[in-house]
Amino acid sequence: MNFREIKLKFKKENEERVEIFLSDLGIDNMAIEDPEDLKIFQERQNAWDLYDDDLIKLEKGFIRFTIYLDDISDNDEREAKIKAYIEEIGGEFSKEIIDDSDWKNNWKKFFKVLKPNKTIVIVPTWEEYEKKDGEEIIKLEPGMAFGTGSHETTSLCIKKLEEHMKPGMKVLDIGTGSGILSIAASKLGASEVLGVDIDPMSVYIANENKKLNEVKNAEFIVGDLLSKVKDKYDIVVSNILAEVIVTMTGDLHKFLNKNGIFISSGILKVKSAMVIDSLEANGFEILNVEDLNEWTSIVAKHA
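Please read these numbers as outputs of a predicted model, since none were measured by experiment.

Participant: Describe the UniProt feature "binding site: S-adenosyl-L-methionine" (unreviewed entry) in the chain, with residues and values.
Facilitator: UniProt tags Thr154, Gly175, Asp197 and Asn239 as "binding site: S-adenosyl-L-methionine" (unreviewed entry). Residue position: Gly175 is located in the loop between strand 7 (170-174) and helix 6 (180-187). Once residues within four sequence positions are removed from consideration, Gly175 is found in contact with Val196, Asp197 and Ile240. Relative to the assigned elements, Asn239 resides in strand 10 (residues 233-239). The buried category is assigned to Asn239, whose relative accessible area is 7%. Among the polar contacts made by the side chain of Asn239, one reaches the side chain of Thr154 at a distance of 3.3 Å.

In structure tokens, the structure reads:
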């Protein structure tokens, strides 16, 4: 299948507006190219980032988003809405059709070695990295699934997993994507991990990454949120849209052990209140809320 690579260039002051607009269309997986961020990252030794110098040639005050859509007629209306909106705010829209065989090479341009927190280091299969004391390596081939560790929401989830994980805990990963959070949980000492995703391609890629990392205690299945889950877990982690998290909160306690922890992200800051309200209304105690740029992670406990 071919893909539509859509590039959106606009003034940085409109970044949050565009993120919310795309989120409402069900799009939250994007590469963000910001010259100001690049300058900061280049000044930080051993910094992780998703940029290549050749990718960023933008005027001061501008930013660029790159998103990918399947090249099917079902996406014609979404594409038209995006184009109209970007032109309405004075931005530029461009599109290129790419063959899926080029997908991996497109990722290689901006996916480098990442270290979202103290322990986990994410190493794409085409990069070399020498492990240091105390580190756990995740080798990753993202393929066509969301989750490289470079996005703020994935980094926040990995950080919170590291903060709350204790050896022997059972972990449920809803919306597993590339399987990165499930594999991270396994590397951090989980005794058993279940990853669920509605997309069969994501489950296939997650299983390939499981083999790549020689993980034995993780299982990946196709399912719609909690519909295929039958057991209870010590930690449930979910990196999906705020609205989807809200739909789960009424049933979530059924899949958590006593004092179980729920780690969530994929939440725009402007939508964090609705998630917090829904969790509290369903008997959860909010333990931590943390922002990273325009994104939020929420950690909650159910008695």
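There's plenty left to go through after this.
Participant: For the environment of Lys132, give the residues involved together with the corresponding values.
Facilitator: As for its placement among the helices and strands, Lys132 is situated in the loop between strand 5 (120-124) and strand 6 (136-140). When its relative accessible area of 47% is taken as the criterion, Lys132 is described as partly exposed. C-alpha separation for the pair Lys132 and Thr119, spaced 13 residues apart in sequence, amounts to 9.7 Å.

Participant: A description of the pattern of salt bridges should follow, citing residues and the corresponding values.
Facilitator: Under the counting rule described, the total for this entry stands at 16 salt bridges. In this structure, the salt-bridge partner of Arg4 is Asp76, at a minimum N-O distance of 2.7 Å. Linking Arg4 in strand 1 (residues 2-11) with Asp76 in helix 3 (residues 76-88), this pair joins segments that are 72 residues apart in sequence. Overall, Arg4 belongs to the buried group, its relative accessible area being 3%.

Participant: Tell me about the nonpolar core, and name the residues and values.
Facilitator: Within the largest apolar cluster, 29 residues are counted, with the highest numbers of intra-cluster contacts made by Met165, Val171, Ile235 and Ile263. Every element with two or more residues in this core is listed here: strand 5, strand 6, helix 5 (152-164), helix 6, helix 7 (200-212), strand 9 (218-222), strand 10 and strand 11 (256-268). Here this core takes five residues from helix 6, the largest share from any one element. Once residues lying within four places of it in the same chain are set aside, the contact partners of Val171 are Met165, Ala185, Ala190, Glu192, Val193, Leu194, Tyr233, Ile235 and Val237. Ranked by size, the runner-up nonpolar core spans 24 residues in total, among them Ile174, Leu226, Leu252 and Leu279.

Participant: Requested: an account of the sheet that holds strand 11, with residues and values cited.
Facilitator: In a beta sheet, neighbouring strands are held together by backbone hydrogen bonds and run either parallel or antiparallel to one another. The strand order across the open sheet built from seven strands is 9-8-7-10-11-13-12, with neighbouring strands paired in mixed fashion. The open sheet terminates on both sides in strands that have one partner only, identified here as strand 9 and strand 12 (284-292). Sheet twist, expressed as the average angle between the axes of neighbouring strands with direction ignored, equals 15°. Looking at chain direction, strand 7 and strand 8 (residues 192-197) are connected through five bridges and run parallel. Within strand 8, the position partnered with Lys170 by the bridge is Glu192. Relative to strand 9, helix 7 is tilted by about 165°, and along the sheet it contacts strand 8 and strand 9.

Participant: Account for helix 3, naming residues and giving values.
Facilitator: Spanning 13 residues, helix 3 covers 18 Å between terminal C-alpha atoms, matching the ideal 18 Å at 1.5 Å per step. Those residues of helix 3 that sit buried are Glu79, Ile82, Tyr85 and Ile86. Projection of helix 3 onto a plane perpendicular to its axis shows the buried side chains occupying an angular sector of 135°, all on one side. Turned more than 90 degrees off the buried face of helix 3, the exposed positions are Glu77 and Glu88. Those residues of helix 3 that are buried are in contact with strand 1, helix 1 (15-24), strand 3 (62-70) and strand 4 (92-99). Just past helix 3, the residue Gly90 takes up positive phi, approximately 85°.

Reading the values: rules and limits
Residues numbered from 1 in each chain as written. Predicted model: local features only at pLDDT ≥ 70, side-chain atom pairs only at ≥ 80, totals over all residues. Heavy atoms only, no water. UniProt positions renumbered as here; feature names shortened; annotations may be inferred. Helix = DSSP H or I, 4+ residues; strand = E, 2+ residues; numbered from the N terminus. Contact = heavy atoms within 4.5 Å. Buried < 20%, exposed > 50% of the residue type's maximum accessible area, 1.4 Å probe, protein only. Polar contact = N/O pair within 3.5 Å; in protein donor to acceptor, adjacent residues only side chain to side chain. Salt bridge = Lys/Arg side-chain N within 4 Å of Asp/Glu carboxyl O. Core = buried A, V, L, I, M, F, W, Y, C linked by side-chain atoms within 4.5 Å. Pairing = 2+ DSSP bridges. Axes fitted to C-alpha atoms, helices over the stretch in contact; angles between N-to-C directions. Expected span 1.5 Å × (residues − 1). Arc of directions from axis to C-beta.

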